[in-house]
Amino acid sequence: MSGTSIAWHLLMESNATKVPRIAILEARQACSGATGRNGGHIRPSSYEEYVDAKQVTTQDQAAKITKFRANHVDALLGAAGRLPAQERRAASVRPVDSLDVYFEEEPFAEAVRQWETLRKEVPEVGNEWGVLQRDEAVRISMMPDAVGALTGTAKVAGAIWGYRFVTNSLKMLLDAYPESLSLDTHTTATAVTAASSDKNSTHNFAVTTDRGTILANHVVYATNSWSPHFVPILGNALAGGLLSMSAQLGGAGVSVSSLSRFQAGFCPISPKTYTLVILAFYADSLPQLPKPGQWPAYHNNVSLPGGRAWSLFLRGGLDYIVQNPENGEYMFGGGAGIPEPPEGSRNQYDDSVLPAPATASYLNGALPAYFGYRNWGPERTDFPADLHQDVIYPGRTKRVWTGVEGFTTDALPFVGPLSKEFTNRAVRSPAAGGEWVSAGFNGEGMDYAWLSGKGLSEMIRNHMANATNEALYEWFPTAFLPTQERLRKQNSTTSVVRRSAGRGSRRGQFEL
Ligand SMILES: Cc1cc2nc3c(=O)[nH]c(=O)nc-3n(C[C@H](O)[C@H](O)[C@H](O)COP(=O)(O)OP(=O)(O)OC[C@H]3O[C@@H](n4cnc5c(N)ncnc54)[C@H](O)[C@@H]3O)c2cc1C
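Overview of the structure.

Criteria and thresholds
- Residues numbered from 1 in each chain as written.
- Predicted model: local features only at pLDDT ≥ 70, side-chain atom pairs only at ≥ 80, totals over all residues.
- Heavy atoms only, no water.
- Pairing = 2+ DSSP bridges.
- Helix = DSSP H or I, 4+ residues; strand = E, 2+ residues; numbered from the N terminus.
- Buried < 20%, exposed > 50% of the residue type's maximum accessible area, 1.4 Å probe, protein only.
- Phe/Tyr/Trp six-rings, centres within 6.5 Å; stacked < 30°, edge-to-face > 60°.
- Lys NZ or Arg CZ within 6 Å of the ring centre and 35° of its normal.
- Near = heavy atom within 4 Å.
- Polar contact = N/O pair within 3.5 Å; in protein donor to acceptor, adjacent residues only side chain to side chain.
- Areas by Shrake-Rupley, 256 points an atom, 1.4 Å probe, with all protein chains shown as cover.
- Nonpolar A, V, L, I, M, F, W, Y, C, P; charged D, E, K, R; others polar.
- Axes fitted to C-alpha atoms, helices over the stretch in contact; angles between N-to-C directions.
- Parallel < 35°, antiparallel > 145°, perpendicular 65-115°, else oblique.
- Contact = heavy atoms within 4.5 Å.
- Core = buried A, V, L, I, M, F, W, Y, C linked by side-chain atoms within 4.5 Å.

Note on sheets: strands pair through backbone hydrogen bonds, and any given pair is parallel or antiparallel. Strand order across the open sheet formed by three strands is β2-β7-β3, with antiparallel pairing between neighbours. Taken across any chain shown, the strands that pair with only one partner, and hence form the sheet edges, are β2 (41-42) and β3 (94-95). The pairing of β2 with strand β7 (residues 158-159) spans two bridges and is antiparallel. In the sheet register, His41 faces β7, and the bridge partner there is Ala159.

Shown next, in the form of structure tokens:
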């Protein structure tokens, strides 16, 4: 998402006579990193994130960050609106019902306190949130163990099919700017060197790939957790962490006990024959857990057709669900409450591995426990048989997989210019270009990444025009800029990591 956003904004917002030439290098297939593997939330939990951000930056910056993240719903809806109709439908950017459900009293009480702070200090975001006490939380979330919930309006809660949004955006850009943009997939950048020693070159940098070398004036690292490969000092505060996801069918929504009561009550003569008849009837018309648009509503008397998204706060961890509006399937991720594999999930960079057995078992089993067996009912296994037969499991769970997110020790991304202090590379002509980074988006990263790409592209354009970033910093948080101070501060002690620094490692201690 980062690389695509930077290219999108550089191309679409540049003066027509000054459209830059951009080469995107992708080590694997397009959108094969975290963006193509994630849960699809565009849904910051603003109340908690605001209070946490105040711990690592000023109140003014924390407010800016909170608004910046909440604005992603609008920004991504707007971006999707510029895609051709079919691509727009595929990208599935949509407002959703939004529930943060709590299962323990004290964390819920703390969340309510945080919301009150947000409402007081950043009312334009705080007023988009509301609180449901226990009975309402249970009724609306359909999760019997809920002790309370915070709900967001559609203005601050969206969902997206990240892979489809990014690949369709790339296609649109490649079609619109054939002379200015290239995309090389399966092309790993292995090194970046200063071209200053090469007398024949007029460029600042040489980017070595496994398919040849590219000369460039600017180099932008949109390589998330893998960025320290090129800028090792960033590794003081940025690392990869392995997260796990699944795609599942919801339960059939009729509890087995009510089904048998129904059979018993209506089988006076020949129970066996009668049972068969009733089951045949049910097989045809089993209600499922509610379809998108049919959940108990909590605002405006409707449940949104874009589906429902939950963050589930359980035992200090975080699980999350997003419902697919087309088929009602659930994207379910998390599993932090369970023991980690011996090597842990930190400092992991290989997303070709499957979730550890304990995590996979948790993902497979947790949903009926959340919804309660009565709401969940019998299992469904009716994935379309002809769909990717090689990868679809025959049971309720279609697939489980992993992705690597880029953790940072203060849970804020690094977005901005990289001076020689960071890179150890001299720039032949600073006026002509330099090195830049947009990475470290943590576990709720899409609501940082898209507008960070816009911000970075504006910085690059300002640099080229010899203009200041004053107007940009009206909305872009300077707390994201890479500074030596951020690296030093974070490296000196173990930091408290916010929930967003790894869905699931909520308030854990993060050491690199
Ligand atoms: C399982 C999981 C679930 C998540 N759920 C959510 C969610 O629901 N909502 C949310 O907002 N966020 C979520 N996140 C976080 C979010 O996905 C990321 O923060 C965000 O997508 C980061 O985007 P990015 O473009 O910076 O990085 P990435 O999408 O990781 O892209 C980086 C790209 O760089 C490429 N690359 C790396 N090194 C090189 C090299 N040397 N040469 C060429 N190419 C290279 C990689 O192949 C990759 O494609 C989740 C993350 C994971 C892993």
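Now that the structure is up, let's keep going.
What follows covers unusual backbone geometry. Even without being glycine, Cys31 reaches a positive phi, approximately 55 degrees. What makes Cys31 buried here is its relative accessible area of 11%. The phi torsion at Ser92 lies on the positive side, around 55 degrees, for a residue other than glycine. Position of Ser92 relative to the elements: it lies in the loop between α5 (85-91) and β3. On the basis of relative accessible area, Ser92 is assigned to the buried category, the value being 10%.

With the rule as written, the count across this model stands at 21 aromatic pairs. Between Phe68 and Phe476, the aromatic rings sit 5.9 Å apart at their centres with planes inclined by 85 degrees, giving edge-to-face as the arrangement. Separated by 408 residues along the polypeptide, Phe68 in helix α3 (residues 59-70) and Phe476 in the loop between α15 (446-464) and α16 (484-492) bring together distant segments of the chain. The two residues Phe68 and Phe476 agree in class, both being buried. An angle of 45 degrees between the planes, with centres 6.0 Å apart, marks the rings of Tyr102 and Phe108 as tilted. The buried category is assigned to Tyr102, whose relative accessible area is 0%. Taken together, the aromatic side chains of Phe68, Phe441, Tyr448, Trp475, Phe476 and Phe480 make up a single cluster linked through ring pairs. Lying over the aromatic face of Trp161, Arg164 brings its terminal NZ or CZ to 3.6 Å of the ring centre. Over the ring of Phe414 we find Arg486; its NZ or CZ atom is 4.0 Å from the centre of that ring.

As a further point, take the site of the ligand. Taken together, 36 residues surround the ligand, and among them Ser2, Glu26, Thr35, Asn38 and Met446 come closest. Within the backbone of Ala34, one N or O atom sits 2.9 Å away from an oxygen atom of the ligand. Measuring from an oxygen atom of the ligand, one finds a backbone N or O atom of Asn442 at 2.9 Å. Surface burial for the ligand is 96%, taken as the share of its 1,000 Å² of free accessible area covered by protein chains. When grouped by side-chain class, the residues that make up the shell around the ligand number 14 nonpolar, 16 polar and six charged.

Right, let's get into the packing of helix α2 (residues 46-56) against helix α6 (residues 105-121). Where α2 meets α6, the closest approach of the two axes is 8 Å, and the angle between their N-to-C directions is 80 degrees. Considering the angle they form, α2 stands roughly perpendicular to α6. Facing Ser46, Tyr47, Glu48, Tyr50, Val51 and Lys54 of α2, the residues of α6 in contact are Ala111, Gln114, Trp115, Thr117, Leu118 and Glu121. The residue makeup of the contact of α2 with α6, split by class, is six nonpolar, three polar and three charged.

Overall, mixed pairing links the three strands, which are arranged β12-β19-β18 in an open sheet. Edge positions in the sheet fall to β12 (219-221) and β18 (414-418), since each has one partner strand and no second. Taking each pair of neighbouring strands and ignoring which way they run, the sheet shows an average axis angle of 15 degrees. Where β12 and strand β19 (residues 435-439) come together, three bridges link them in parallel fashion. Directly across from Val220, in β19, lies its bridge partner Trp436. Sheet strands in contact with α15 are β12, β18 and β19, and its direction is about 170 degrees off that of β19.

With that settled, the discussion passes to the environment of Glu26. Following the sequence through the fold, Glu26 ends up in the loop between β1 (22-25) and β2. A sequence separation of 23 residues divides Glu26 from Gly3, and the C-alpha atoms of the two residues are 9.4 Å apart. Dropping the residues within four chain positions of it, Glu26 is found in contact with Ser32, Asp184, Thr185, His186 and Thr187.

This part takes up the nonpolar core. Met1, Phe165 and Trp450 are the most contacted members of the largest nonpolar core, which totals 46 residues. Breaking this core down by element, the ones donating at least two residues are α1 (2-12), β1, α3, α4 (72-80), α9 (162-176) and α15. For this core, the element with the most residues is α15, which contributes eight residues. Ignoring sequence-local partners within four residues, the contact set of Phe165 consists of Met1, Leu76, Ala79, Ala80, Leu83, Ala91, Val93, Ile160 and Trp450. In this structure, Leu99, Met142, Ile321 and Tyr362 belong to the second largest nonpolar core, which totals 25 residues.

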